Amino acid sequence: MPALVAARFNPDLKAKYRQLINAGKPAKLAITAIMRKLVVIANALLKTDRLWTNSPA
């Protein structure tokens, strides 16, 4: 569920999702890629003991 929300509302992850869909990838595969990106981001934040901040618009 977080990947679905991120693909709709997070500008960076939305762009990645659109890129995968436009490349002809199935929607389920694109969502799985977004899931993985979220896990990688979460691990990086935990490792560096940082909080999430939105990138400047």
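Everything below is about the structure printed above this text.
Each value, and the rule that gives it
Residues numbered from 1 in each chain as written. Predicted model: local features only at pLDDT ≥ 70, side-chain atom pairs only at ≥ 80, totals over all residues. Heavy atoms only, no water. Helix = DSSP H or I, 4+ residues; strand = E, 2+ residues; numbered from the N terminus. Buried < 20%, exposed > 50% of the residue type's maximum accessible area, 1.4 Å probe, protein only. Contact = heavy atoms within 4.5 Å. Areas by Shrake-Rupley, 256 points an atom, 1.4 Å probe, with all protein chains shown as cover. Expected span 1.5 Å × (residues − 1). Arc of directions from axis to C-beta. Axes fitted to C-alpha atoms, helices over the stretch in contact; angles between N-to-C directions. Parallel < 35°, antiparallel > 145°, perpendicular 65-115°, else oblique. Nonpolar A, V, L, I, M, F, W, Y, C, P; charged D, E, K, R; others polar.

1. With respect to the overall build of the protein
Along the backbone of the protein there are three helices and zero strands. Taken over the C-alpha atoms alone, the protein extends approximately 35 × 25 × 20 Å along its principal axes. Per-residue burial over the protein gives 19% buried out of 57 residues. Residue pairs at least 24 apart in sequence account for 41% of intrachain contacts in the protein once pairs closer than 6 positions are excluded. Total accessible area on the protein is roughly 4800 Å²; 63% of this is exposed by carbon and sulfur atoms.

2. Things to note about helix H3 (residues 27-47)
Over its 21 residues, H3 extends 30 Å from the first C-alpha to the last, a length consistent with the 30 Å expected when each residue adds 1.5 Å. Those residues of H3 not exposed but buried are Ala30, Ile31, Ile34 and Leu45. Within H3, the buried residues cover an arc of 95° as seen down the axis, which keeps them to one side. Away from its buried face by more than 90 degrees, H3 exposes Lys28, Arg36, Leu46 and Lys47. In this structure, the buried residues of H3 make contact with helix H1 (2-9) and helix H2 (11-22).

3. Quick word on the packing of H1 against H2
One way to put it is that H1 packs onto H2 with a least axis distance of 6 Å and a crossing angle of 95°. With respect to each other, H1 and H2 are oriented roughly perpendicular. Within the contact between the two elements, H1 uses Ala6, Ala7, Arg8 and Phe9 and H2 uses Pro11, Leu13, Lys14 and Tyr17. Among the residues forming the contact of H1 with H2, the class breakdown is six nonpolar, no polar and two charged.

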